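Structural characterization, general
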Amino acid sequence: MVRLPYLTALTTLFSYGLLFAFGQLRDLFRRIVDWHNAKSKDLQGYAPICLGLEDFYTRRLYLRIQDCFGRPIASAPDAWFDVVERYSNDNNKTLHRTENISKCLNLGSYNYLGFAASDEYCTPRVVESLKRYSSSTCSVRVDGGTTKLHIELEELVARFVGKPASLVFGMGYVTNSAIIPVIMGKGGLIISDSLNHNSIVNGARGSGATVRVFQHNSPSHLEEVLREQIANGQPRTHRPWKKIIVIVEGIYSMEGELCKLPEIIAVCKKYKAYTYLDEAHSIGAVGKSGRGVCELLGVDTADVDIMMGTFTKSFGSCGGYIAASKEIIQYLKFTCPAHLYATSMSAPAVQQAISSMKVILGEDGSNRGAQKLTRIRENSNFFRSELQKMGFEVLGDNDSPVMPIMLYNPAKIPAFSRECLRQNVAVVTVAFPATPLLLARARICISASHTREDLIKGLEVISKVGDLVGIKYFPVEPEKKQPDRYTKKLE
Amino acid sequence: MASAVMNATTVALDWLSSSFDAPLARAVIFGVHVDGHLVVEVLLIVVILFLLSRKSYKHPKKPLTEKEIDELCEDWVPEPLHPPITEEMLSEPPTLESAAGTHTMIDGKEVVNFACANYLGLIGHEKLINSCASSLEKYGVGSCGPRGFYGTIDVHLDCEERISKFLGTSDSVLYSYGISTIFSVIPAFCKKGDIIVADEGVHWGVQNGLYLSRSTVVYFKHNDMASLESTLERITKGNKRAERLRRYIVVEAVYQNSGQVAPLDVIVKLKERYHFRVILDESNSFGVLGSSGRGLSEHCGVPINKIDIITSGLGGALATDGGFCTGSVRVVDHQRLSSSGYVFSASLPPYLASAAISAIDHLEENPSLLGQLRENISLLRRELEDVPGLTVSSSPLSPMVFLTLKRSTGSPKADQQLLEDITNRALKEDGVFIVTSKRSTLDRCRLPIGIRLFVSAGHTHGDILKASASLKRVAAAALSEPI
């Protein structure tokens, strides 16, 4: 939960107001200058791509701090990586690459189990599969795009997640956008958490069903919404809903929180609603054996109707999967557009997912998987507790490898980011529109490949920069000394 | 009559005021001389206030009690998540056991592969494999982050520069999946209230993008320029709000659903006359059409800067995965912040980007591949002219040869069964791998389904002759049997 101090809220609003005013002033000057110069002939009669205030935020606020985003790297996104330096000649409007690189500590990539770089078990097998199956099949799954590797991966995923069958796609975003319209159509109701990811929102919109939102992670509000919606039926006609599905995520990537899964499943069962769990960030990263949020919170996987996940974060590959009952998967294979029209997943990526899953399960003959899982848990808990001791406002639950540090003020975003980069620590800062306007934050992602020294160095740098920038909102009070009269009494 | 009423009212009022004046004459309350008419006015105000404060007589609204809501919730029965599984849903596609090149292994047998869009024959090519292998050693497999958060690897930027240099545009944007390219680009540019004119035969990715954009979409008849012109005329007649409304025409270069080729020069002339912007999807024509493989614009002789937005998937001629979108600087910059498939998704794996660079390099050095491909297409079309029961309905330029039934059996399901029967027999009996086009239930395209053969520059004459002979034999056998 975010505890926003009153003074901070006021100063943040004032900063945004100032930026807005300056932006409007510059727009005014731009309009005056443009009025003098003749408009180019090509654009006569065409409406501009962005009118007026549509891209005001991009032009006047985002471009000022553009160098904090989209930093190119020149090596694998491992615990330490090479960030390419960029320069700008026109006040950050365009950025150009240089040849210089600087080695930085990586606190931003989704590399939870450390499979991002070359791995001793995975990489030889990946190269072998590349030589055998080539880089792509150039075909959709139903035509000539299904190879033995795809079948193997689907069986392995079903076994790993704990469901009877699974289906694999080449991109996690497309998985959500193409599955939800197949399952829900007009006359259905989708109830989704207010902080769900953009792919779920797009899938829900594309399905044609009615969408309602419940307060983030609050089973009581979900129950209220469900009762109201079932009693009222479809809007305007009041016919009963055809089906209701509730969509939640395992770990919310901007909050670092775990979902309150057992309570939500109980509510859904009571009201006969279906459940859809998106485990993009939690599969492979939490749980005793890495099986995700169900294992961590003790929920039986048979209670969740559809489980979705991606291979990008913990498995170092790309793509997404859906795990559900055999009949649902059969139906999806028949009609899901991503299965029928999209190129099948590239063979080396499939092999990487298979090998990393085998390492996590311990089927490669070593216990590296178990070691990685304990390391990431220890690293996350250590880092989080140290940050809280230093006085930062850190969100998220214990055991979650994602930890946002609140910044609030728009000026602190580039200050924090650039200063950390100067001291060779690469962090990710997130602002509007990915987060609410007042709640800008820096998001740390811990990896199992970070050693204790790496984490200590990261903590030192963040502490120093935090003092400079002034984001230690909750300073820890020093321990009180015992007053003398008590000691006298003991004597 | 009126004067009598007037007299009567005046008399009544006089009497009223005199009777009031009498007792209250000379009463002074709060320094205000209280006259009789003040009492009447105060009474009137009290009556008005009383009437206003009464609720109007509406049927009283009784909200549902908790018990009633409980009963409704218990009574409600949801539909199952999936409809009952039928026989046709249980069919599984064949599993490949080797690379999907021109010859591939299925079930231990070697078959000739016409089911993969490997137009330039680059699958399994040594150069591509070597560059992929070195990328894998250096960068690992995944990029572990979206483009905005350290997911931008220098090969991505190199690939974008290479593509824009190849095509002659100013910049390009790389997407991580072919199908997500078009359905992220369209909502980034088209908002609610804009007008889009699209071909009715566009594939599902485009349809989804059009639906997500919430703009007004008008479809014109498939590849019919007269229909397009009349639609444009109808929309722009009398509509003077062109200055604030954006207008787009969405077409594909080679249509996935039918193999037709869009006449780009006519479209560009129409676009300039009516002030529309063109979004062109070149998934099946990039690296295929044009004297050097630069796509439909080169083939039609249209300068590339006349087409506003060009998108393409890399899963065709370039034998990798992913997609790109290119255009003017303004177009490309806009996507870097507002295209959802770019901002909210992990970036393309770096080895696929380096494979794309090597593929483009190889194509530029060997333009003879295109001549080879064109020869193969015309040979196949010549051979397939006399297949019983099927007719070639795609354009002579299209690398995807599309065969439809000369005479439909009457029901689309039976058509599908027949075509699948033909392709299954061709695979099992003759070792020729061809496929039918399959439609999802979400697809709103109503063009006829058919059999697709993807021709590759790597196919030999023998492969093509084998395929056509097999198809003739199998079609004759399947069509002569009673269904």
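On a predicted model such as this, the values are computed, not experimentally measured, just so you know.

1. Describing the layout of surface pockets
- In this structure, the second largest pocket spans a volume of roughly 1,400 Å³.
- Taken together, 46 residues form the lining of the second largest pocket, with Phe334 of chain A together with Gln416, Glu420, Thr436 and Lys438 of chain B sitting closest to its centre.
- Listing elements by their share of the lining of the second largest pocket, those giving two or more residues are α10 (326-335) and α11 (337-341) of chain A together with β4 (109-113), β13 (400-405), α15 (412-430) and β15 (435-436) of chain B.
- Here the lining of the second largest pocket is built from residues that sort into 19 nonpolar, twelve polar and 15 charged.

2. Quick word on the domain arrangement of chain A
Residues and elements named next belong to chain A.
- Segmentation of chain A into domains returns domain 1 (6-106 + 370-490) and domain 2 (122-361).
- Taken together, the contact between domain 1 and domain 2 spans 18 residues of the former and 17 residues of the latter.
- Here domain 1 meets domain 2 over a buried area of about 1,300 Å², counting both sides, of which 59% is carbon and sulfur.
- Linking domain 1 to domain 2 there are one salt bridge.
- For Glu255, the salt bridge goes to Arg441, with nearest N and O atoms at 3.1 Å.
- Where domain 1 touches domain 2, the interface holds seven residue pairs in polar contact (both at pLDDT 80 or more).
- Of all the secondary structure elements, the ones that give two or more residues to the side of domain 1 that touches domain 2 are α13 (368-390), β10 (402-406) and β13 (441-445).
- By residue number, the principal contributor to the side of domain 1 that touches domain 2 is α13, which donates four residues.
- Across the side of domain 1 that touches domain 2, the residue classes tally to eight nonpolar, four polar and six charged.

3. A few points about the packing of aromatic side chains
Residues and elements named next belong to chain A.
- Considering all chains together, one arrives at twelve aromatic pairs over all chains under this definition.
- Ring geometry for Tyr62 and Phe69: centres 5.3 Å apart, planes at 20°, overall stacked. Neither Tyr62 nor Phe69 differs from the other in exposure class; each is buried.
- Counting every residue linked through ring pairs, the aromatic cluster contains Phe160, Phe311, Phe315 and Tyr321.
- The residue whose ring lies beneath Arg125 is Tyr121, and the NZ or CZ to ring-centre distance is 3.8 Å.

4. Focus on the environment of Lys466 of chain B
All names here are of chain B.
- Looking at where Lys466 falls in the secondary structure, it is placed in helix α16 (residues 461-480).
- Residues Lys466 and Val432, spaced 34 residues apart in sequence, show a C-alpha to C-alpha distance of 7.8 Å.
- Setting aside its immediate chain neighbours within four residues, Lys466 contacts Val112, Asp430, Gly431 and Val432.

5. Some words on unusual backbone geometry
- Notably, Arg236 of chain A is not glycine yet its phi reads approximately 70°, a positive angle.
- Take Arg236 of chain A: it is sitting in the loop between α7 (219-232) and β6 (244-249).
- Positive phi is not limited to glycine here, since Cys144 of chain B has a value of about 55°.
- Along the chain, Cys144 of chain B falls in the loop between α4 (126-139) and α5 (154-167).

6. Brief notes about the interface of chain A and chain B
- Every contact between the two is made by 106 residues of chain A and, on the other side, 106 residues of chain B.
- Here chain A and chain B share an interface that buries about 9,400 Å² over both sides, 62% of which is from carbon and sulfur atoms.
- Among the residues chain A hides against chain B, the three largest losses belong to Tyr46, Ile49 and Tyr341 of chain A. Together they make up 9% of the total.
- Where chain A touches chain B, the interface holds six salt bridges.
- Of the charged contacts, one joins Glu161 of chain B and Arg97 of chain A as a salt bridge, the two residues approaching to 3.4 Å between their closest N and O atoms.
- Summed over the shared surface of chain A and chain B, the result is 38 residue pairs in polar contact (both at pLDDT 80 or more).
- Its residues assigned to classes, the side of chain A that touches chain B shows 54 nonpolar, 34 polar and 18 charged.

7. Overview of α4 of chain B
- The terminal C-alpha atoms of α4 of chain B lie 20 Å apart, and with 14 residues this matches the ideal 20 Å at 1.5 Å per residue to within 8%.
- Residues Leu128, Ile129, Ser131, Cys132, Ala133, Ser135, Leu136 and Tyr139 of chain B constitute the buried set of α4 of chain B.
- Next to the buried residues of α4 of chain B lie α3 (122-133) of chain A together with α5 and α13 (350-365) of chain B.
- Following α4 of chain B by one or two positions, Gly140 of chain B adopts a phi angle in the positive range, close to 75°.

Definitions and limits used
Residues numbered from 1 in each chain as written. Chains lettered and ligands numbered in written order. Predicted model: local features only at pLDDT ≥ 70, side-chain atom pairs only at ≥ 80, totals over all residues. Heavy atoms only, no water. 1 Å grid on protein atoms, 1.4 Å probe; cavity = no way out; pocket = protein on both sides within 12 Å on 5 of 7 lines; lining within 4 Å. Points joined across faces, edges and corners; volume = space filled by probe spheres on them. Helix = DSSP H or I, 4+ residues; strand = E, 2+ residues; numbered from the N terminus. Nonpolar A, V, L, I, M, F, W, Y, C, P; charged D, E, K, R; others polar. Domains from an automatic or database assignment. Contact = heavy atoms within 4.5 Å. Buried area = accessible area lost by both parts, 1.4 Å probe. Salt bridge = Lys/Arg side-chain N within 4 Å of Asp/Glu carboxyl O. Polar contact = N/O pair within 3.5 Å; in protein donor to acceptor, adjacent residues only side chain to side chain. Phe/Tyr/Trp six-rings, centres within 6.5 Å; stacked < 30°, edge-to-face > 60°. Buried < 20%, exposed > 50% of the residue type's maximum accessible area, 1.4 Å probe, protein only. Lys NZ or Arg CZ within 6 Å of the ring centre and 35° of its normal. Expected span 1.5 Å × (residues − 1).

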